[in-house]
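Below, each chain spelled out in residue letters.
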Amino acid sequence: MLARLVRTIVVATAVAGFLAGCAAPPPKPDTMRDPSVNFSNFKTFGWTAGGAVDAGDAPLQLLDANIRAAIVDVMKRKGYVEAPAGTTPDLRIAYETAKAEKLENNPVRVGIGVGSWGGNMGGSVSMGSPSVRNFTEGTLVVHAIDAARNAEVWQGRVSGKMTKGSVEAAAIHQAVERAMADFPVR
């Protein structure tokens, strides 16, 4: 009986490890940085002109406010200060979003199950047929522009599968954090 329990635990651990290995990690951000720029010279940040959302489009206003709030939070945690209104910041920040319809191909699905009830133990293996699904991929790109030279000095981009909760404040904040993970700390 003890040998059966140990075998069950070993099989369950192996299956869990296999499934964990199949889980895809979130996509890594793509970043570019001007290597000739010393970011310790930048103290303040502000927004590029013309990036505001039309006042008549309430859903986009909310999305814009959530993205901007997340960028401000990340910039402040990295040691930058938001420039007061009417002053010229050291860095101007801009962002853009996009979405695209994509196809996801799952060639073969394999399922493994192990369980017991009372003194009996059982297991199963199943295979699923190939499938193709449509999904929407969202992309967020954040730009940092040296205001004095009017030149982009940093860019971060992250893309991922959009779900119903993708436009909620917490999901937006997480996407901004991933996109700006490599932004230089002051």
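What counts and how
Residues numbered from 1 in each chain as written. Predicted model: local features only at pLDDT ≥ 70, side-chain atom pairs only at ≥ 80, totals over all residues. Heavy atoms only, no water. Salt bridge = Lys/Arg side-chain N within 4 Å of Asp/Glu carboxyl O. Helix = DSSP H or I, 4+ residues; strand = E, 2+ residues; numbered from the N terminus. Buried < 20%, exposed > 50% of the residue type's maximum accessible area, 1.4 Å probe, protein only. Arc of directions from axis to C-beta. pLDDT = per-residue confidence, 0-100. Pairing = 2+ DSSP bridges. Contact = heavy atoms within 4.5 Å. Axes fitted to C-alpha atoms, helices over the stretch in contact; angles between N-to-C directions.

Undergrad: Whenever I open this one, the pattern of salt bridges confuses me. Can you help?
TA: Two side chains of opposite charge can pair, provided their charged atoms sit close to one another. Evaluated as defined, the whole model comprises six salt bridges. Ionic pairing is found between R68 and D64, a salt bridge with its closest N-O pair at 3.1 Å. Here the residue R68 and the residue D64 both occupy positions in helix α2 (residues 58-77), the gap between them amounting to four residues, near one helical turn. Like D64, R68 is buried. One salt-bridge network, in which partners are shared between bridges, spans D34, D146 and R149.

Undergrad: It is not clear to me how helix α3 (residues 169-179) should be interpreted in this structure. Could you clarify?
TA: Structural remark: α-helix, 3.6 residues per turn; residues separated by three or four positions point the same way. Three or more residues of α3 are buried, namely I172, V176 and A179. An end-on view of α3 places all buried positions within 65 degrees of arc, on one side of the element.

Undergrad: Help me understand the confidence of the model for the chain in this model?
TA: The predicted structure's coordinates, where accompanied by low pLDDT, should not be read in detail. With 80% of its residues at a pLDDT of at least 70, the chain reaches an overall mean of 81. Here helix α1 (residues 2-22) is the element of the chain with the lowest mean pLDDT, 36, and strand β3 (residues 81-82) is the one with the highest, 98.

Undergrad: So what exactly am I meant to see when it comes to the sheet that holds strand β2 (residues 44-47) here?
TA: Hydrogen bonding along the main chain pairs the strands of a sheet, whether they run parallel or antiparallel. Overall, mixed pairing links the six strands, which are arranged β1-β8-β7-β4-β2-β3 in an open sheet. Sheet topology places β1 (30-33) and β3 at the edges, where each strand pairs with a single neighbour. Two elements, β1 and strand β8 (residues 151-161), share four bridges in a ladder whose sense is antiparallel. Of the residues in β8, the one forming a bridge with T31 is G156. Contacts between α3 and the sheet are confined to β1, β7 (131-146) and β8, with β8 contributing the most and set at about 130 degrees to the helix.

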